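Per-entry structural report
What follows is each chain in one-letter form.
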Amino acid sequence: MRGSPLLRALLAFIIIGLMGWPLWQLTRPQEVVASTPAPKPAATVATTKAIGLHLTFTTVPKSFVIRHLDKEVWKVTAPAVDMEQQVTLDYPDEGVDLQFHVEWPDDAPLAALRVQLTDPAGDQHEKSVWGKGVVDEVVTFP
Amino acid sequence: MKASFLSLLAFLTLAMAVRAAEPIRVSSFSTILTEIAQQVGGDRVAVTGHVKPGIDPHEFEPKPEDLKVVGQAQLILLSAKHMESYVGKLKQATGTQGAMVEVGDGFASLKMKSEKDPDKVVDDPHWWQSVNNTEKAVKIVRDELTKISPADKQVFTDNAAKYLSTLDGLEKWVKSELAKLPRDKRKLVTSHDAFQYFAKENGFTIHAIEGISSEDQPSSKKVGEIVAAIKAEGVKAIFPESIENPKVMTEITRETGVKIAPALYADGLGETGDVATYVGMYKHNVSTIVEALK
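Re the overall build of chain A
Assigned secondary structure in chain A consists of one helix and eight strands. Going from N to C terminus, chain A has its helices and strands arranged as α-β-β-β-β-β-β-β-β. Every one of the 142 residues in chain A was classed for burial, and the buried ones make up 12%. Here the analysis covers contacts within chain A between residues at least 6 apart in sequence; of these, 62% occur between residues at least 24 apart.

As structure tokens, this is what we get:
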């Protein structure tokens with residue numbers, strides 16, 4: 001009944017092994033898994049639309065550049081007093097920021113640029129840029 | 001007799017000169033106001049900043065040594081808009097003769113729901129997140145210093161003009177940087193509601209995980225609402241702040257898959273490096289936002 005010490009030791013080892021396995025399963029470090037798989041954020045839909053731009057200068061500049069999201073959308077090196085252009089850009093409901101870089105002649109007095117923007121819905125919005133020499137300004141529409 | 005009269009006259013003149021050269025003692029309870037006072041006052045002021053960089057001003061309480069300094073101050077600058085809940089005690093405990101100026105009360109407040117009592121509307125105290133408000137604060141500090149020392153009016157006017165010009169430059173830089181970020185991507189999910197002034201000036205929508213104070217804990221309903229908004233609006237990143245523990249943010253990222261952007265400075269200046277100045281702190285916030293959301 002008592003058996004040999006070797007057999008008893010072997011039996012004890014097997015019992016510990018059998019108890020240890022579920023214990024290890026319960027306590028082992030695990031990677032936390034989210035209850036639901038993380039979905040990708042909804043993709044932003046690009047809404048490229050035709051925009052009308054109409055510029056009127058009080059003093060004709062040497063040049064101007066208009067950028068949208070750091071990309072050039074209209075550049076003219078010898079502009080006229082009055083200019084119109086259709087450009088295409090992403091125009092979300094929240095509006096757009098246009099970056100204007102205008103170079104007026106050094107000896108020109110304080111000058112202004114009137115910007116009329118016709119949005120994709122056909123509504124007109126008007127803003128002004130004032131300055132002397134080289135002017136960098138961000139104009140928000142609407 | 002004549003000699004002793006001349007000696008007395010010389011002594012009085014010297015004493016008056018020494019007195020005139022003594023800097024104005026200023027106590028400030030905002031890291032932003034500490035910088036403004038130093039910039040505008042120059043060497044004509046000795047500014048003690050009681051709220052140190054990196055300290056949450058929502059949780060700050062003055063210690064006895066602070067009260068001692070305030071008692072001696074000629075000008076005490078407070079953020080106001082209920083940021084300093086201890087302002088009443090400060091007046092009583094110090095018996096100060098100095099001018100106590102609640103700078104934030106000098107310009108309009110944005111209103112918001114109190115997280116502690118949703119039926120209550122409170123002023124948003126984080127006015128420095130608008131460069132325009134900070135410019136107004138500079139003018140208030142300039143005028144208060146001039147009242148205390150009219151003889152230094154020109155110094156304060158010149159210093160303020162120089163600092164205002166720096167802030168004008170910052171405003172232009174901010175507009176130019178944000179122009180790189182489409183307006184439909186200007187959704188700011190932050191760890192506490194400290195960016196309303198910034199959002200209003202720059203066309204952002206805010207989803208604050210917590211309420212107005214960084215001490216508040218968000219409800220599971222509010223977290224659920226934010227998770228839904230992030231999914232619906234396709235927000236790309238969320239922003240912890242320098243002082244917060246972003247534990248709740250981690251949970252939101254797990255639910256939505258958005259990334260956690262580097263921390264923003266909501267309640268004041270940082271301790272070291274670029275963010276230890278107002279311009280540096282503001283540029284850090286804007287660059288971080290643009291980089292994470294574009």
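Observations concerning unusual backbone geometry
Put simply, A:Phe141 and A:Pro142 share a cis peptide bond, and its omega is 0°. Note that A:Pro142 resides in the segment after β8 (134-141). Even without a glycine there, the phi angle at A:Leu69 is positive, about 50°. You can see A:Leu69 is positioned in the loop between β2 (63-68) and β3 (71-76). Judged by C-beta crowding, with 16 C-beta atoms within 10 Å, A:Leu69 ranks as partly exposed. Despite not being glycine, B:His82 has its phi angle at roughly 60°, a positive value. Take B:His82: it is sitting in the loop between β3 (75-78) and α4 (87-94). What makes B:His82 partly exposed here is the crowd of 16 C-beta atoms within 10 Å.

Some words on the sheet that holds strand β6 (residues 111-118) of chain A
Residues and elements named next belong to chain A. Pairing is antiparallel across the open sheet formed by four strands, whose spatial order is β4-β1-β6-β7. Of all strands in the sheet, those with a lone pairing partner are β4 (82-90) and β7 (124-131), marking the two edges. Here the average twist between neighbouring strands, direction ignored, is 25°. As judged from the six bridges shared by strand β1 (residues 48-57) and β6, these two strands associate in the antiparallel manner. Residue pairing for β6: His54 is matched across the bridge by Gln116.

Overview of the domain arrangement of chain B
Residues and elements named next belong to chain B. Here chain B is partitioned into domain 1 (2-174) and domain 2 (178-293). Among the elements of the structure, α2 (31-41), α5 (131-148) and α6 (153-178) are those that each provide at least two residues to the side of domain 1 that touches domain 2. Its residues assigned to classes, the side of domain 1 that touches domain 2 comprises twelve nonpolar, twelve polar and six charged.

A closer look at the nonpolar core
The biggest cluster of nonpolar side chains holds 69 residues, and the ones touching the most others in it are B:Ala37, B:Val40, B:Leu77 and B:Val141. Counting only domains with at least three residues in this core, you end up with domain 1 (2-174) and domain 2 (178-293) of chain B. Grouped together as the second largest cluster of nonpolar side chains are 13 residues, A:Ile66, A:Leu98, A:Leu113 and A:Leu117 included.

Let's talk about the confidence of the model for chain A
In the predicted model, chain A carries a mean pLDDT of 82, and 75% of its residues have values of at least 70. Here residues 29-44 of chain A is modelled with pLDDT under 50, and outside its nearest four sequence neighbours on either side it reaches 24 contacts, counting other chains as well.

Observations regarding the sheet that holds strand β4 (residues 99-102) of chain B
All names here are of chain B. Strand order in the open sheet formed by four strands is β2-β1-β3-β4, with parallel pairing between adjacent strands. Only two strands of the sheet have a single neighbouring strand rather than two, namely β2 (45-49) and β4. Adjacent strand axes in the sheet meet at a mean angle of 20°, parallel and antiparallel pairs treated alike. Bridging between β3 and β4 involves four bridges; their strand directions are parallel.

Some details on the interface of chain A and chain B
Contact with chain A, which involves 19 residues of that partner, is made by 21 residues of chain B. Looking at the side of chain A that touches chain B, the elements that each hand over two or more residues are β5 (96-103) and β8 of chain A. Counting residues per element, the side of chain A that touches chain B draws most heavily on β5(A), which supplies three residues. Taken together, the residues that form the side of chain A that touches chain B break down as ten nonpolar, three polar and six charged.

With respect to the confidence of the model for chain B
The predicted model of chain B has a mean per-residue pLDDT of 87, with 87% of residues at 70 or higher. For this predicted complex, the interface confidence score (ipTM) comes to 0.76, while the overall pTM stands at 0.80.

Here we look at α2(B)
All names here are of chain B. In terms of residue burial, α2 counts as a mostly covered element, since ten of its eleven residues are buried. Taken together, the buried positions of α2 are occupied by Thr31, Ile32, Leu33, Thr34, Glu35, Ile36, Ala37, Gln39, Val40 and Gly41. Just past α2, the residue Gly42 takes up positive phi, approximately 55°.

Points about the packing of α6(B) against helix α10 (residues 278-293) of chain B
Residue and element names in this part refer to chain B. Packing of α6 against α10 brings their axes to within 10 Å, and their N-to-C directions diverge by 5°. Judged by the inter-axis angle, α6 sits roughly parallel to α10. Across the interface between the two elements, Thr166, Leu170, Trp173, Val174, Glu177 and Leu178 from α6 touch Val279, Tyr282, Lys283, Val286, Ser287 and Val290 from α10.

Structural notes on the pairing of strand β7 (residues 187-190) of chain B
Residue and element names in this part refer to chain B. Where β7 lies against strand β8 (residues 205-208), four bridges are found, and the strand directions are parallel. Looking across to β8, one finds that Lys187 is bridged to Thr205. Running through helix α7 (residues 196-202), the crossover from β7 to the neighbouring parallel element β8 is right-handed. Here β7 runs beside strand β9 (residues 237-239); their pairing, made up of two bridges, is parallel. Across the sheet, the residue bridging to Val189 is Ile238, located in β9.

Basis of the calculations
Residues numbered from 1 in each chain as written. Chains lettered and ligands numbered in written order. Predicted model: local features only at pLDDT ≥ 70, side-chain atom pairs only at ≥ 80, totals over all residues. Helix = DSSP H or I, 4+ residues; strand = E, 2+ residues; numbered from the N terminus. Buried ≥ 20, exposed ≤ 12 C-beta atoms within 10 Å, placed from the backbone. Contact = placed C-beta atoms within 7 Å. Pairing = 2+ DSSP bridges. Axes fitted to C-alpha atoms, helices over the stretch in contact; angles between N-to-C directions. Domains from an automatic or database assignment. Nonpolar A, V, L, I, M, F, W, Y, C, P; charged D, E, K, R; others polar. Core = buried A, V, L, I, M, F, W, Y, C linked by C-beta atoms within 7 Å. pLDDT = per-residue confidence, 0-100. Parallel < 35°, antiparallel > 145°, perpendicular 65-115°, else oblique. Right-handed = clockwise from strand over helix to strand, strands pointing away.

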